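# Fold and geometry: a report
Here's the letter readout for the chains.
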Amino acid sequence: MANKPQIRTSSSALIAMIADEDTITGFLLAGVGNVDLRRKTNYLIVDSKTTVKQIEDAFKEFTTREDIAVVLISQYVANMIRFLVDSYNKPIPAILEIPSKDHPCDPAHDSVLSRVKYLFSTESVASGRR
């Protein structure tokens, strides 16, 4: 328990988002958006002009910021940087893939679901159950 990751308690933790404009707008209207004193936001709007490098940089920034507890990323955007999403293994911030209006959720590419399936398949093999 001593190595348990901690979220800062001096201020509230944020939710970061990497998604299309409609998804980001919905979350901003719900009050999830934040702009700090250095004019850094907790979201990246992905459109046809957004490069994979910009998405990678935003993902790396959001997963290293201490004030972010959850990163919501549209599944189709996560597929563009699948190697980064799949290699990320820290519990905080948690990475959650969400569907978007134009791209429905595909359970075959969901990183959380695939990790749960792997966990249960490993446990069933280790215990001799099938």
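As recorded in an unreviewed UniProt entry, the chain goes by V-type proton ATPase subunit F and comes from Rehmannia glutinosa. Regarding the chain, the UniProt comment filed under Sequence similarities (unreviewed entry) reads as follows: "Belongs to the V-ATPase F subunit family."

Here we come to the overall build of the chain. A tally of helices and strands in the chain yields 5 helices and 4 strands. Secondary structure of the chain in N-to-C order comes out as β-α-β-α-β-α-α-β-α. Evaluated residue by residue, the chain yields a buried proportion of 33% over its 130 residues. Expressed as a percentage of contacts within the chain between residues at least 6 apart in sequence, the contacts between residues at least 24 apart total 64%. Summing over all exposed atoms, the chain offers an accessible surface of approximately 8,700 Å²; the carbon and sulfur share of this is 58%.

With that out of the way, let us pick up the sheet that holds strand β3 (residues 68-74). Spatial ordering of the open sheet is given by β2-β1-β3-β4, a layout of 4 strands whose pairing is parallel. Looking at which strands have only one partner, the edges of the open sheet turn out to be β2 (43-45) and β4 (94-98). Adjacent strand axes in the sheet meet at a mean angle of 20° when their direction is disregarded. One ladder, built from 5 bridges, connects β3 with β4; its direction is parallel. Its bridge partner being in β4, I73 is matched across the sheet by E97. Along the sheet, helix α1 (residues 21-29) makes contact with β1 (14-19), β2, β3 and β4, crossing β1 at roughly 160°.

Let us now look at α1. Between the side-chain oxygen of the N-cap and the backbone nitrogen of D22 there are 3.3 Å, and the N-cap of α1 in question is D20. Phi for G31, located one or two positions after α1, is positive at around 95°.

Attention now moves to the pattern of salt bridges. In total, this model carries 7 salt bridges according to the counting rule given. In this structure, the salt-bridge partner of R65 is E61, at a minimum N-O distance of 3.8 Å. The partner of D67 in a salt bridge is R65, with the nearest N and O atoms 3.0 Å apart. Just as D67 is buried, R65 falls in that class too.

Our focus in this paragraph is the pairing of β1. In terms of burial, β1 is largely enclosed, as 5 of its 6 residues are buried. Pairing between β1 and β3: 5 bridges, direction parallel. Opposite I15, over in β3, you have V70 as the bridge partner. Read as a crossover between parallel neighbours, the route from β1 over α1 to β2 is right-handed.

As a further point, take helix α2 (residues 52-64). With 13 residues, α2 should cover 18 Å at 1.5 Å per step; its first-to-last C-alpha distance of 18 Å lies within 8% of that length. Lining the buried residues of α2 we find β1, β2, β3, α3 (75-80), α4 (82-87) and β4.

Per-chain confidence: the chain averages 81 in pLDDT, with 72% of residues scoring 70 or above. Here helix α5 (residues 111-127) stands out as the least confident element of the chain, with mean pLDDT 62; α2 is the most confident, with 94.

The rules behind the values
- Residues numbered from 1 in each chain as written.
- Predicted model: local features only at pLDDT ≥ 70, side-chain atom pairs only at ≥ 80, totals over all residues.
- Heavy atoms only, no water.
- UniProt positions renumbered as here; feature names shortened; annotations may be inferred.
- Helix = DSSP H or I, 4+ residues; strand = E, 2+ residues; numbered from the N terminus.
- Buried < 20%, exposed > 50% of the residue type's maximum accessible area, 1.4 Å probe, protein only.
- Contact = heavy atoms within 4.5 Å.
- Areas by Shrake-Rupley, 256 points an atom, 1.4 Å probe, with all protein chains shown as cover.
- Pairing = 2+ DSSP bridges.
- Axes fitted to C-alpha atoms, helices over the stretch in contact; angles between N-to-C directions.
- Polar contact = N/O pair within 3.5 Å; in protein donor to acceptor, adjacent residues only side chain to side chain.
- Salt bridge = Lys/Arg side-chain N within 4 Å of Asp/Glu carboxyl O.
- Right-handed = clockwise from strand over helix to strand, strands pointing away.
- Expected span 1.5 Å × (residues − 1).
- pLDDT = per-residue confidence, 0-100.

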